[in-house]
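Next come the chains, spelled out residue by residue.
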Amino acid sequence: MCQAACPIHVDARGIAREMAKGDSAAALALLRKTLPFPGIISRICDSPCQRACKRNEIGDTIAINALERACVNYGGEPTDKPRVLPKKSKRVAIVGGGISGLTVAYDLGRKGYGVVIFEASDKLGGNLWQISRDELPAEIIRADIANVTNLGVEVRYNSLVNRLGLNGSSPKLAALRNEFDAIYLAFGAHTDDSFEVERDANGKIKVDPVTFATSMDGVFAGGGVLWSVDLRSSIQSISEGRRAGISLDRYLQRVSLTASRVNEGAYTTRLFTNTQGIASSSMIEMDDPVDGYERDEAIAEAQRCIQCECMECVKDCEYLRAYERYPRKYIREIYNNLAIVKGTRYANQFINSCSLCGQCAAVCPEHLDMGEVNQNARREMVKQNRMPVSAHDFALRDMEFSNSDKFAIARHQPGTTTSEYIFFPGCQLAASSPANVERVYADLRARLNANVGLMLGCCGAPAEWAGRDDLFQASLAQWNEQHAALGKPKVVLACSSCYRTFKKYLPDVEIISLWNLFEAWQLPNVQPNARTIAIHDSCSTRHESQMQDSVRNIVNRLGYKIEELALSRDKTACCSYGGVMWLANRDLAEKVVQRRIAESEFAYVTYCAMCRDFFAARGKPTRHLLDLIYGDDNWTTQRGPDFSQRHENRARLKRKMLKEIWSEPLDDPAEYESIQLKISDAMRERLDHRLILVEDIQRVIAHAEKTGRKFLNRDTGHWLASLKPNAVTYWVEYSAQGEAFEIHNAYSHRMYVEEQPQ
Amino acid sequence: MSDEANWVAHPEWQCGKCNVALVVRQVNVEYLGNAFPANLLKCPQCGNVFIPEELALGKMVEVEKSLEDK
């Protein structure tokens, strides 16, 4: 707020932060970063920053100007030692040695230009000398002006341009223009119409409002010379000098005067700062108003600063918090990451760790969506062939499985050749609770009074999340083809990620949420003494308030009392499955899910299978809405199936439904599938953590037993064999136990080991 | 690579196909187009290369990760 309101953007918040710690030297260094004359300005600034201070809403403004003075008083050396660039051959004339001209002299002097100030009087400072000496002592003026003259700036005193000066010389502007490469006119409020530049109706020099260029090439003007009323604002004079200085530098370097000049001078910031819960306070009074704040007083005053910042999204999002910065910095890092040609891309994991859930946009006063930024970054990484392959591989292979013959089917209702509806349960509901898929399909056929077909498969969301447009489009095309072959029936969806995907990418397909249907139906399993529960909205329903209402109506009618979570509906948090976060950054995903389940002491009801399984796996009593609809009121925590079982459940569901509902003959299982395994619970957990599936192990053993290619442990008699069925090489340590094989260990790697037969 | 000694310190394993002891040989491992030589155990007859768990879950993951971010 303060920084934007300051015409030269002094970092008052940073100054207060350092001063609050008692580090007045660091505070002064911050002040000097933008301000060439801290001694002067800290005494006479009209302080537009204080009018913008957010503290005005909750007590008095922070006394920023007085804090600046404390910086100067307690921060150390009064003169600075700026870094000066090597001398340049180009020379600039500055007409007028007031504070605006001095600013240009300081800025261009530091850049190495030859600077000559033409001052009409016998001293630099202009209007500063008209301020009372009590307010602004002469030694303060001299000390600050020394910052300019120490740069080797030449000053020609008593030198009037265009008029006869005391020393008798009076160069014309045109002559000066020949002698110098550029000119800055800053002779203050004096009206002098003898200059050969265009003027407005009031006789004031006309300049471009951004560049401060006059009508004459290479001649710029700023400060009081432009003002129709005497603003007496030193900070405004400095600001105009600074901006004209940028133009002069660009003019001399022959680059664009106008390119990317935004937010120069004071501007209104869009920064949102939440002042809720901050106590009102008054400005710390000075013991001695003439000398300004004592050191302790300054520290106390600086501590009143609320350090305005908008961290609304960071507060609510574990992911944005985990990397300890905020969106503006994150976006810069993402941009840099995408621009790196050679070297390490440190932001890869950051980009891949976002759940893309959109919560940040929902809580942001400016609706900034980091998910969209990350989604685009992932697409770009894929395009550049720079996407870490391990980040999404497992999820993409899971999707491939769902859309393969192992699971995918598309059928009309048995005995019919048309479908008015189809049920598409999605991949993870079938993986998590195949029985519920069967129940829903039976219910739909019974209750919709129409032909209801069935499609099994994946909507392609994991490919979208991974930035794999190629796989995503292929998945949508496959789905479309199957849907068209069934005559484009209406699609009943049980999964909110599918719902979001179809709504966004298949707008011509008519979709119906399963919850909208159930809302209108009789619910046979009402619980007489049902408990109070909290509803966890899936992040993909963020903007589906109607679906959220349907879910709540169903839960109410089932007899449960609903306690809303603080972050629900459009502000809901992701369970960590979204965006493949759970795979790309497993430690962070753990924190995300732990935080979510700790938000309420009540048991959770979800309407997404992944949310249910992620919560239940961490011991949170959680039921899926379908569990409740079908009368499963058992709240003891039940882990969902592991990754291997999720595959098995889908494959088995397809075979069961084809056999029982369509009476279709089944394909013979692959040879490796007949391999029987003995796996202890502890080993199952290890395999799950290492993302090794039972079918991977079956393949390894089948291959080893067929080829004999394996190692033998002389001590234990265990076998060790490996196989690379996809991008991953799996190693399995096993022993034969009758017909079956006991698994003793398994691990994997992605590096390829060259085969070198002897 | 100080861990290297551990990767070949597995006298308990022999080739199950050829029934011979494993020997240390230089083997090329490759990831994302980057190949490195490494001293690993392999069967002197059939050439089957032995990758112990600590190599797969340790150094290999580390190198995979750093190459993916290059």
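Bear in mind that the values here come from a model prediction, so they are computed numbers and not experimental data.

So, about the overall build of chain A. Helices and strands together make up the secondary structure of chain A, namely 32 helices and 20 strands. Its C-alpha atoms put chain A at 115 × 75 × 55 Å along the principal axes. Residue pairs in contact within chain A that sit at least 24 positions apart in sequence constitute 68% of those at least 6 positions apart.

When helices and strands are counted, chain B shows two helices and four strands. Ordered by position from N to C terminus, the α and β elements of chain B give α-β-β-β-β-α. Viewed in the frame of its principal axes, chain B has a C-alpha envelope of about 40 × 20 × 15 Å. Long-range contacts, defined as pairs at least 24 residues apart, comprise 50% of the intrachain contacts of chain B with a sequence gap of at least 6.

Here we come to the environment of Ala56(B). In this structure, Ala56(B) sits in helix α2 (residues 53-68). Not counting the four nearest positions on each side in its chain, Ala56(B) is found in contact with Trp731(A), Tyr747(A), Ser748(A), His749(A) and Ile51(B).

Now for the interface of chain B and chain A. Chain B puts 28 residues into the contact, and the matching count from chain A is 30 residues. The set of elements that each furnish at least two residues to the side of chain B that touches chain A consists of β1 (13-15), β2 (23-31), β4 (49-50) and α2 of chain B. Considering each element in turn, the side of chain B that touches chain A owes the most residues, seven residues, to α2(B). Of the residues assigned to the side of chain B that touches chain A, the class counts are 14 nonpolar, six polar and eight charged.

The domain architecture assigned to chain A consists of domain 1 (2-78 + 272-303), domain 2 (91-228), domain 3 (312-391), domain 4 (392-667) and domain 5 (671-749). Relative placement of domain 1 of chain A and domain 5 of chain A: their C-alpha centres are 68 Å apart.

Here we come to the sheet that holds strand β13 (residues 603-606) of chain A. Residues and elements named next belong to chain A. Here four strands make up an open sheet; going across it, the order is β12-β11-β13-β14 and the pairing parallel. The sheet is open, and its two borders are formed by β12 (561-563) and β14 (622-624), each paired with just one other strand. Adjacent strand axes in the sheet meet at a mean angle of 40° when their direction is disregarded. Sheet topology note: the strand β11 (residues 532-536)/β13 ladder contains four bridges and is parallel. Within the sheet, the bridge partner assigned to His536 lies in β13 and is Thr606.

Moving on: the packing of helix α20 (residues 434-447) of chain A against helix α30 (residues 643-660) of chain A. Residue and element names in this part refer to chain A. Their axes nearest at 10 Å, the elements α20 and α30 cross at an angle of 35°. Note on packing geometry: the crossing formed by α20 with α30 is right-handed. For the pair α20 and α30, contact is made by Pro434, Val437 and Glu438 and by Asn649, Arg652, Leu653 and Met657, respectively. Here the contact of α20 with α30 is composed, by residue class, of four nonpolar, one polar and two charged.

The next point concerns the confidence of the model for chain B. The predicted model of chain B has a mean per-residue pLDDT of 91, with 96% of residues at 70 or higher. Per-residue pLDDT, averaged within each element of chain B, yields its smallest value for helix α1 (residues 4-7) of chain B (78) and its largest for β1(B) (97).

Moving on, we get to the sheet that holds strand β2 (residues 114-118) of chain A. All names here are of chain A. Strand order in the open sheet formed by five strands is β3-β2-β1-β4-β5, and the pairing between neighbours is parallel. Only two strands of the sheet have a single neighbouring strand rather than two, namely β3 (154-156) and β5 (219-221). Ignoring which end each strand starts from, the neighbouring axes of this sheet average 20° apart. Looking at chain direction, strand β1 (residues 91-95) and strand β4 (residues 182-185) are connected through four bridges and run parallel. In the strand pairing of β4, Ala93 is matched with Ile183. Against the sheet, helix α7 (residues 99-110) makes contact with β1, β2 and β4, and its axis sits at roughly 165° relative to β2, the strand it touches most.

With that settled, consider helix α11 (residues 295-303) of chain A. Residue and element names in this part refer to chain A. Buried residues of α11: Ala298, Ile299, Glu301 and Ala302, and no others. What you see down the axis of α11 is that its buried residues fit within an arc of 165°, all on one side. Buried residues along α11 sit against α2 (12-20) and α6 (64-74).

Below, the discussion takes up helix α3 (residues 24-34) of chain A. Residue and element names in this part refer to chain A. Taken residue by residue, α3 has Ser24, Ala27, Leu28, Leu30 and Leu31 as its buried positions. Projected down its long axis, α3 carries its buried residues within an arc of 155°, all on one side. Residues of α3 that are buried make contact with α2, α4 (38-44) and α6.

A word on the packing of α7(A) against helix α8 (residues 138-149) of chain A. All names here are of chain A. α8 packs onto α7 with a crossing angle of 40° between their chain directions and a minimal axis gap of 8 Å. Relative to α8, α7 is oriented oblique. Contacts between α7 and α8 pair Leu102, Ala105, Tyr106 and Gly109 from the former with Ile145, Asn147 and Val148 from the latter. Of the residues in the contact of α7 with α8, the class split is five nonpolar, two polar and no charged.

Turning our attention to the environment of Ala450(A). Residue and element names in this part refer to chain A. Relative to the helices and strands, Ala450 is located in the loop between α20 and β8 (452-456). Taking the number of C-beta atoms within 10 Å as the measure of exposure, Ala450 has 15 and is therefore partly exposed. Distance in space between the C-alpha atoms of Ala450 and Thr418 is 9.9 Å, their sequence separation being 32 residues. Apart from residues lying up to four places away in sequence, Ala450 is in contact with Glu420 and Tyr421.

Even without being glycine, Ser260(A) reaches a positive phi, approximately 35°. Mapped onto the fold, Ser260(A) is located in the loop between α10 (234-253) and α11.

A regular strand carries its side chains on alternate faces of the sheet. All names here are of chain B. As defined by bridge partners, β2 adjoins strand β3 (residues 34-42) across nine bridges and the pair is classed as antiparallel. What sits directly across from Val29, in β3, is Phe36. Connecting β2 to the next strand, β3, in antiparallel fashion are two residues, including Leu32 with a positive phi near 50°. Pairing geometry for β3 and β4, over two bridges, is antiparallel. Note that in β4 the partner of Leu41 across the bridge is Phe50.

Right, let's get into the environment of Gly619(A). Residues and elements named next belong to chain A. Structurally, Gly619 is set in the loop between α28 (609-617) and β14. For Gly619, a count of 10 C-beta atoms within 10 Å puts it in the exposed group. Each C-alpha atom, one on Gly619 and one on Thr637, is 5.7 Å from the other, the two residues being 18 residues apart in sequence.

To continue, consider the confidence of the model for chain A. Atom-level detail of predicted coordinates should not be read off regions where pLDDT is low. Mean pLDDT over chain A: 93, with 97% of residues reaching 70 or higher. Overall, residues 164-168 of chain A carries pLDDT values under 50, and its contacts beyond four positions in sequence, including any with other chains, amount to nine contacts.

In this section: the nonpolar core. Residues and elements named next belong to chain A. If you look at the biggest cluster of nonpolar residues, it comprises 100 residues, and the most contacted ones within it are Ile422, Phe423 and Leu493. For this core, the element with the highest residue contribution is α28, accounting for six residues. Each of domain 3 (312-391) and domain 4 (392-667) accounts for three or more of the residues forming this core. The contacts of Ile422, once residues within four sequence positions are left out, are Val452, Gly453, Leu454, Met455, Leu486, Pro489 and Val491.

Our next topic: the pairing of β2(B). Note: strand β20 (residues 752-753) of chain A against β2(B), two bridges, orientation antiparallel. Bridged to Tyr752(A) within β2(B) is Glu30(B).

What counts and what doesn't
- Residues numbered from 1 in each chain as written.
- Chains lettered and ligands numbered in written order.
- Predicted model: local features only at pLDDT ≥ 70, side-chain atom pairs only at ≥ 80, totals over all residues.
- Helix = DSSP H or I, 4+ residues; strand = E, 2+ residues; numbered from the N terminus.
- Contact = placed C-beta atoms within 7 Å.
- Nonpolar A, V, L, I, M, F, W, Y, C, P; charged D, E, K, R; others polar.
- Domains from an automatic or database assignment.
- Pairing = 2+ DSSP bridges.
- Axes fitted to C-alpha atoms, helices over the stretch in contact; angles between N-to-C directions.
- Left-handed = near helix turned anticlockwise from the far one by under 90°.
- pLDDT = per-residue confidence, 0-100.
- Buried ≥ 20, exposed ≤ 12 C-beta atoms within 10 Å, placed from the backbone.
- Arc of directions from axis to C-beta.
- Parallel < 35°, antiparallel > 145°, perpendicular 65-115°, else oblique.
- Core = buried A, V, L, I, M, F, W, Y, C linked by C-beta atoms within 7 Å.

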